[in-house]
Amino acid sequence: MTSRRATTTLSRPTGLKELDLVRELNWRAWPPRLPEQPIFYPVLDEDYAIRIARDWNVKHSGAGFVTRFEVDSEFLSRYPVQQAGGRTILELWVPAEERDDFNAHIVGEIQVVHELR
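Here we summarise the structure given alongside this text. (Residues numbered from 1 in each chain as written. Predicted model: local features only at pLDDT ≥ 70, side-chain atom pairs only at ≥ 80, totals over all residues. Heavy atoms only, no water.)

1. Considering the sheet that holds strand β7 (residues 106-116)
Sheet architecture is open: 3 strands sit in the order β1-β3-β7, paired in antiparallel fashion. Bordering the open sheet on either side are β1 (7-14) and β7, each of which pairs with just one other strand. Averaged over all pairs of adjacent strands, the angle between their axes in this sheet comes to 20°, without regard to strand direction. The sheet strands contacting helix α1 (residues 16-24) are β1, β3 (64-72) and β7, and the helix crosses β1 at an angle near 135°. Those strands touched by helix α2 (residues 46-61) are β1, β3 and β7, and its axis lies near 145° from that of β3. (Pairing = 2+ DSSP bridges. Helix = DSSP H or I, 4+ residues; strand = E, 2+ residues; numbered from the N terminus. Axes fitted to C-alpha atoms, helices over the stretch in contact; angles between N-to-C directions. Contact = heavy atoms within 4.5 Å.)

2. With respect to α2
Its axis deflected by about 30° at Ala53, α2 carries its strongest bend there. Against the buried residues of α2 lie β1, β3, β5 (90-92) and β7. In the stretch just after α2, Gly62 is the one whose phi turns positive, near 90°. (Bend = angle between axes of the 7 residues up to and from the residue.)

3. Topic: the environment of Asp72
With respect to the secondary-structure elements, Asp72 resides in strand β3. Judged by its relative accessible area of 7%, Asp72 is buried. Residues Asp72 and Lys17, 55 residues apart in the sequence, show an inter-C-alpha distance of 26 Å. Setting aside residues up to four positions removed in sequence, Asp72 forms contacts with Arg5, Ala6, Thr7, His105 and Val107. Within the local environment of Asp72, its side chain forms a polar contact with the backbone nitrogen of Phe75, the two atoms lying 2.8 Å apart. (Buried < 20%, exposed > 50% of the residue type's maximum accessible area, 1.4 Å probe, protein only. Polar contact = N/O pair within 3.5 Å; in protein donor to acceptor, adjacent residues only side chain to side chain.)

4. Re α1
What α1 keeps buried is the set Glu18, Leu19 and Val22. Taken end-on, α1 shows its buried residues confined to a sector of 100°, consistent with a single buried face. Facing away from the buried side of α1 by over 90 degrees, the exposed positions are Lys17 and Glu24. Remark: Asn26 follows α1 within two positions and exhibits a positive phi of approximately 60°. (Arc of directions from axis to C-beta.)

5. A short note on the nonpolar core
Membership of the largest hydrophobic core comes to 14 residues, with the highest contact counts inside it found for Leu10, Trp30, Phe69, Val71, Leu76, Phe102 and Ile106. Listed by contribution, the elements that provide at least two residues to this core are β3, α3 (73-76) and β7. If we ignore the near neighbours within four places in the chain, the residues touching Phe102 are Leu10, Trp30, Phe40, Pro42, Phe69, Val71, Phe75, Leu76 and Val94. Among the nonpolar cores identified, the runner-up in size contains 8 residues, and Val43, Ala49, Ile52 and Ile89 belong to it. (Core = buried A, V, L, I, M, F, W, Y, C linked by side-chain atoms within 4.5 Å.)

In short, geometric facts, not functional conclusions.
Written as structure tokens, this is what we have:
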């Protein structure tokens, strides 16, 4: 009998360019951050991700997407939850240099759950 590790569901608002890079990584990893992006920030509330995709990604590029993915919960415990505003505006701040380690702890595929135009 095998035991399955606990996972945490995260969401990520993204634009078309980043989504294309995720697709190139077979829906299993997030691409490197740009030099001006020192932090990768997945969010804990899907409604918050929808607001960001709608208000930021659609406004700046014409399309926004919300992804959902699972990450090993024990691994995530190294990143304290950051409250970036109201009580549901919760993010994890993952330093860009830890992206490979973060990606190694994604369980399953990254899924697109909302498309906004």
